[in-house]
Amino acid sequence: MPNRTIKGLSTSRLNNLLAPLSVALVGGSPRDGSVGRAVLENIRKARFKGEFGLVNSRYAEICGIPAVTSVDKLPFVPELVVITAPASAIPGIIDQAGKRGTAGALIITAGLGHGPGSIAEITGQIAQKYGMRLIGPNCLGIMMPNANLNASFSAHMPGPGNLALISQSGAIAAGMVDWAAQRGVGFSGIVSIGDQLDIDISDLLDYFALDAKTRAILLYVEAIKDARKFMSAARAAARVKPVVVVKSGRMAQGAKAAATHTGALAGSDAVYDAAFRRAGILRVSDLRELFDCAETLGRVESPTGKRLAILTNGGGIGVLATDRLVELEGIPAPLTPDTRQKLDAVLPPTWSKSNPIDIIGDANAARYAAALEVLLADSGNDAVLVVNVQTAIASAEEIAIVVTELVKKYRERHRRWAKPVLAAWVGADQNIIDSLSSAGIPNYPTEDDAVRGFMHLVRHREVVDELAQVPPAMPDTFAPDVDKARQIVAAAMADGRRWLDPVEIKRLLETYDIDMVPTYAAADVEQAVEYAKEIFAQGATVVLKILSRDIIHKSDVGGVVLNLTKPDAVRMAAGGIMARAKQLRPDARISGVIVQAMVVKAKARELILGLADDPTFGTVVVFGRGGTAVEIINDKALALPPLDLKLARDLIERTRVSRLLRAYRDVPAVKEDAVAMVLVKLAQMAADIPEIRELDINPLLADETGVMAVDARIAVGQPEGKFAGSGPGNFAVRAYPSQWERHIEVKGAWRVFVRPIRPEDEPILHEFLHHVTAHDLRLRFFAPMKEFTHEFIARLTQLDYARAMAFIAFDEITHEMIGVVRIHSDALYESGEYAIMLRSDLKGRGLGWALMQLIIEYARSEGLSEISGDVLKENTVMLDMCRQLGFEVKPDPVEPDICNVRLDL
């Protein structure tokens, strides 16, 4: 099986739309100021090199270009049809194009409507019938400089470059083009997606992730339609190149009033933030930052670290740059004695002697060059920022020219190992900006912008490293009683209740090994006294709380009384609690009181942990500082499940209260990973029991002995199943599919255990590859493979279980890994490309056949229509097995030493 490209991402049809060989414009107009005229002029100015045709039923020619009356009258079959015609005509146009075999359409027209019976729905159905892909409607269009195609009504056409922009806003796309024209920044493609009737952000992420001409991808997002598809595509893209997003609506409040503290904390934008973080996307707050990202990512590679050397002719601006660097968690590069000595030799005695390297206000081009050469040669920094404040003493333009020439020579000498050099020329003339830009030096109007640009590079490197980290293995002792937990929830739902009572909550948490204080439900005062006596006998005091399915926040009605020490006090308090509740909430159903042991832990931290339901991304895990003022303190962080210990630790570290979990003064540190394990358990509970709609534990007490839940609320209901496919329908990121773990028997009663691959399998896979011969590796990867890097293995082991799946096989006696089979489906979940590899010394024993049958079974369960692959002609064993399994085997039309294999499911 080859590793040449990942064909399973539905990018071939996108290629027909974004790099077409032929284009037809339907709706081109001679009228000035019309969209049809603007699009026609832009296509002409861009000098599209393929066949071009014009369709207009009212004009025989427009601007000297002959027109035909309909798509079926064109003398060629257009790969792409660009439509600016009225909305009512669009279904007919798509039907004509589909009959002729057109690959897709770009619908710029607005006003197609939404929902059942709309023109948009009818258009989509017609396109689907012919297998056509659609961009739009209601969009600016597309600009593909490398294809000389500008099918948009933008005022400018960007030059070719290595940035891709995917925008839900036509105005934002147009603004980026205008900015790029001023800064000399080029694009590999700009796509305005409009209403996303078919092709969406995820499809385009797939396309540009595999596009060799794209170095970084910029996104402007208003809302995500299919969160699971987006998470899969975004994570895959972020592994191979920077993905930067601006998301509008940051300050919008949540759409619904949440009943739990957890729900109140999980605001809509905070969930998007958690999703971007999980996917490895860099989020910026506004267009200015997006421009900074484009300036940086479009010109230089990420540095190996975050130590920045700042070279300046102004001490004040150098200090400002350093302040911003430290604030953004960068590191001012320290100067070694050797570097300081070399700078002493080329600079006047009055230079700053430290970083920022202030070479004094009269610094000329020669002084800048001498200092920069020393810093470029210094291994103690990872990047250099050159700052210039214009003076009447030295020419800022001459300094820019000398710096530019020096950086060019440095890059030629060091090629791919060259460290980034950034520039900030304050108040620079356009010719200085042009000089720096033409040399590929990211340049900014202020020191603040420049430092932010540097930190965007750093963040991308950190994101890639984090995505490739191997998570710690889960403790073998965690084995939840899922069946018992489901019975508890089912019983409450059968009773028509939305909220579990406190005793049910305690039982449910215990099934997942989460401790909760002793809890009893008393129907009346005397029963409360009897339960309290049991607690008193254990040497504890008692807390009473109102028991009512209608009163969620008990303290609001005076429904909590603490630290009761005698039966008479319990009797009086229980009666008072119920009386107050009836008075303040006469509509509430009062079932009695909750009786709990009073937990007194003077040095325990109060935390909140929970699950909330987001309309876009499904279940969300929330962590933060707990207590009654939880919303006011608002110290919280969110994450998308499933969680492992690494992700749980990261979630905790993003809060201020995390600092209190460490030891300080006479307070011992909280027991290691005790809190993180509860988060992992809650995420697993959400996967196992999607009927849990909201949950919060507040407070969870944490200290050196462990953790204990004091109070909790759990709401249940029918799961919505937001996401299609297997796995929890409430998870935007698929959970580990444990249902595919199985024991199989192959030839000679050989017992084999097969399960889905996990991120922590990286060391196992490394060891496995040592048992595969160089010949077999070449058959698998179509090229000699001398070494396997950590990054390479991480991509194989860290799957999203959505479009990619891999099963690894173990010998049940030796527990050694003996084989692996994988499949990668396209973005439409229609077809998948497979790969298989076995230990070379264990071939011929039936394992390959068993693994191929398993992957075929999996593909069928996912609803895929076919499995395909490429096999070297010399790999006769694999080709024979494919034929026996029912695969069709054909020679590759382009590469004569390869066979294409395909199984219709």
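Residues numbered from 1 in each chain as written. Predicted model: local features only at pLDDT ≥ 70, side-chain atom pairs only at ≥ 80, totals over all residues. Heavy atoms only, no water.

## Regarding the confidence of the model for the chain
- On average, residues of the chain score 88 in pLDDT, and 94% of them are at 70 or above.
- Counting interchain partners and residues more than four positions distant, the pLDDT-below-50 stretch residues 1–10 has 43 contacts.
- A low-confidence stretch, residues 252–265 stays under pLDDT 50, and its non-local contacts, those more than four residues away or across chains, total 37 contacts. (pLDDT = per-residue confidence, 0-100. Contact = heavy atoms within 4.5 Å.)

## Overview of the nonpolar core
- With 94 residues, the main nonpolar core has Ile-142, Leu-205, Phe-208, Leu-219, Phe-230 and Phe-617 as its most contacted residues.
- In terms of nonpolar packing, the next biggest core, distinct from the first, is built from 57 residues, Tyr-512, Leu-607, Ile-652 and Val-675 among them. (Core = buried A, V, L, I, M, F, W, Y, C linked by side-chain atoms within 4.5 Å. Buried < 20%, exposed > 50% of the residue type's maximum accessible area, 1.4 Å probe, protein only.)

## Let's talk about the side chain of Asp-711
- Summarising the element assignment, Asp-711 is placed in the loop between β29 (706–709) and β30 (712–716).
- For Asp-711, a relative accessible area of 12% puts it in the buried group. (Helix = DSSP H or I, 4+ residues; strand = E, 2+ residues; numbered from the N terminus.)

## Overview of the packing of helix α13 (residues 365–377) against helix α14 (residues 396–414)
- Between α13 and α14, whose axes approach to 9 Å, the crossing angle comes to 30 degrees. Classified by the angle between their axes, α13 and α14 sit roughly parallel to one another. For α13 against α14, the interelement crossing comes out right-handed. Contacts between α13 and α14 involve Ala-365, Tyr-368, Ala-369, Leu-372, Glu-373 and Leu-376 from the former and Glu-398, Ile-399, Val-402, Val-403, Leu-406, Val-407 and Tyr-410 from the latter. (Axes fitted to C-alpha atoms, helices over the stretch in contact; angles between N-to-C directions. Parallel < 35°, antiparallel > 145°, perpendicular 65-115°, else oblique. Left-handed = near helix turned anticlockwise from the far one by under 90°.)

## Brief notes about the packing of aromatic side chains
- Enumeration over the complete set of coordinates arrives at 12 aromatic pairs.
- Centroid distance Trp-740 to Phe-807: 5.8 Å. Interplanar angle 50 degrees. Geometry classified as tilted. Linking Trp-740 in the loop between β30 and β31 (742–746) with Phe-807 in strand β33 (residues 804–811), this pair joins segments that are 67 residues apart in sequence.
- Residue classification places Phe-807 among the buried residues on the basis of a relative accessible area of 0%.
- Above the ring of Trp-750, the side-chain terminus of Arg-845 is found at 3.9 Å from the ring centroid. (Phe/Tyr/Trp six-rings, centres within 6.5 Å; stacked < 30°, edge-to-face > 60°. Lys NZ or Arg CZ within 6 Å of the ring centre and 35° of its normal.)

## Side note on the sheet that holds strand β37 (residues 888–891)
- Pairing within the open sheet is mixed, and its 8 strands lie in the order β31-β32-β33-β34-β35-β36-β38-β37. Two strands bound the open sheet, and with one partner strand each, they are β31 and β37. Each neighbouring strand pair of the sheet contributes to a mean axis angle of 25 degrees, computed without reference to strand direction.
- The pairing of β31 with strand β32 (residues 750–756) spans 5 bridges and is antiparallel. Directly across from Val-746, in β32, lies its bridge partner Trp-750.
- Of the strands in this sheet, β32, β33, β34 (817–825) and β35 (831–838) touch helix α24 (residues 762–769), which is tilted by about 110 degrees from β34. (Pairing = 2+ DSSP bridges.)

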